[in-house]
Amino acid sequence: MATPVTATFAALLSAVGFSGASLLALLGKGMGVRGRSYSVAVAAGLLLALAFADLFPEALELSGRTAVWGFVGGFSFLLLVETFTRAHTHHSPAEHVREHALAPLVMGLAVHNLADGFALGVSAELSAPAAGAVGLGVLVHQAPVGISLAAILAAAHATRAQVLRVAVPLGLAIPLAAALTTALPAPGDRALGLLVGAAGGVLAYMGASHLLPEAQAEHRSRVPGVLFVATLAATTLVLFTLLGG
């Protein structure tokens, strides 16, 4: 059987992978309209691939139809957040994404990372090989999630302080959730599937309803669409290959 220490270590590695990838945003200063459009299109492809090729199938395996409710709930939650906060509005290409977009995206990634942390915490109750598979799965998909956040922050022209304030706490949410889960009674597969499904729903909303339209509005050309499809297909293939999908 795995141990809480092993689960916490895996959570810390995932946090480092996520936050380290997110800090790539610091390299994106001075990005123009075309660069913002391309980076957001790539981020949309990454998040949608993770939602549909990784998180949703895993949630269905854990809890069946309950996962569907989690997915719908996560998707609807972010929609309502944007509806009532007016966070998503149409804007001119000269405006930065940060003026209206970051809060719901950060909230969605917080839900996603907490769900990953819970999954790693629960893995402490599994056999060592099974726990290792869970840890590898989380680590594999946290890097592209971090890259997606980096693309969004770079497109938003976030300052160094803003990048750190977003990337570090979101990364720490993973080991925090893992530590809490190992200290408390472990949730069953049904609850975990609901959480993972919700995480898939928020990523799907962020990619399809927020980032993809954003990319197309930023720069009117075929390139963002091609980049989106290529990223979606390539990430799905990598996930299926690495995770045995």
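A brief report on the enclosed structure follows. Since the model is a prediction, treat every value here as computed from it, not as a measurement.

Here's the deal with the packing of helix α4 (residues 102-122) against helix α6 (residues 160-183)
Closest axis-to-axis distance for the α4/α6 pair is 7 Å, and the angle between their directions is 30°. Considering the relative orientation of α4 and α6, their crossing is right-handed. Of the residues in α6, those touching α4 at Val106, Leu109, Ala110, Asn113, Leu114, Gly117, Phe118, Leu120, Gly121 and Val122 are Val166, Leu170, Gly171, Ala173, Ile174, Ala177, Ala178, Thr181 and Thr182. Among the residues forming the contact of α4 with α6, the class breakdown is 13 nonpolar, 6 polar and no charged.

Digging into helix α2 (residues 33-63)
Between the first and last C-alpha of α2 there are 43 Å, a value that for 31 residues agrees with the 45 Å anticipated at 1.5 Å per step. At Ala51, α2 shows its maximal bend, which comes to roughly 35°. Gly64 occupies a position one or two residues after α2 and carries a positive phi of about 60°.

Quick notes on a nonpolar patch on the surface
Residues Phe9, Leu13 and Leu139 make up a contiguous nonpolar surface patch of roughly 270 Å² in combined accessible area. Inspection of the secondary structure puts Phe9 in helix α1 (residues 4-22).

Quick notes on the nonpolar core
Ranked by size, the top nonpolar core spans 55 residues in total, and within it Leu109, Leu120, Leu149, Leu153, Leu203, Met206 and Leu211 carry the most contacts. Listed by contribution, the elements that provide at least two residues to this core are α1, α2, α3 (65-85), α4, α5 (128-155), α6, α7 (189-218) and α8 (223-243). Looking at which element gives the most residues to this core, the answer is α2, with 12 residues. Filtering out sequence-adjacent residues up to four positions away, Leu203 remains in contact with Leu47, Leu50, Ala51, Leu55, Leu109 and His112.

Side note on the environment of Gly35
Residue placement: Gly35 occurs in helix α2. Given a relative accessible area of 27%, Gly35 falls into the partly exposed group. Each C-alpha atom of the pair Gly35 and Ala151 lies 9.6 Å from the other, and the pair is 116 residues apart in sequence.

Some details on the packing of aromatic side chains
How two aromatic rings sit relative to each other is given by the distance of their centres and the angle of their planes. Applying the stated rule across the entire model yields 3 aromatic pairs. Ring plane angle 45° and centroid distance 5.6 Å describe the contact between Phe52 and Phe71, whose orientation is recorded as tilted. You can see Phe52 sitting in helix α2 and its partner Phe71 sitting in helix α3, a full 19 residues away along the chain. Among the residues examined, Phe52 registers a relative accessible area of 46% and is labelled partly exposed. Owing to a relative accessible area of 12%, Phe71 belongs among the buried residues under this scheme. Grouping aromatic residues by their ring pairs yields a cluster made of Phe52, Phe56 and Phe71.

Definitions and cut-offs
- Residues numbered from 1 in each chain as written.
- Predicted model: local features only at pLDDT ≥ 70, side-chain atom pairs only at ≥ 80, totals over all residues.
- Heavy atoms only, no water.
- Axes fitted to C-alpha atoms, helices over the stretch in contact; angles between N-to-C directions.
- Helix = DSSP H or I, 4+ residues; strand = E, 2+ residues; numbered from the N terminus.
- Left-handed = near helix turned anticlockwise from the far one by under 90°.
- Contact = heavy atoms within 4.5 Å.
- Nonpolar A, V, L, I, M, F, W, Y, C, P; charged D, E, K, R; others polar.
- Expected span 1.5 Å × (residues − 1).
- Bend = angle between axes of the 7 residues up to and from the residue.
- Patch = residues over 30% accessible without salt bridge, like charges linked within 9 Å, V, L, I, M, F, W, Y side chains within 5 Å.
- Areas by Shrake-Rupley, 256 points an atom, 1.4 Å probe, with all protein chains shown as cover.
- Salt bridge = Lys/Arg side-chain N within 4 Å of Asp/Glu carboxyl O.
- Core = buried A, V, L, I, M, F, W, Y, C linked by side-chain atoms within 4.5 Å.
- Buried < 20%, exposed > 50% of the residue type's maximum accessible area, 1.4 Å probe, protein only.
- Phe/Tyr/Trp six-rings, centres within 6.5 Å; stacked < 30°, edge-to-face > 60°.

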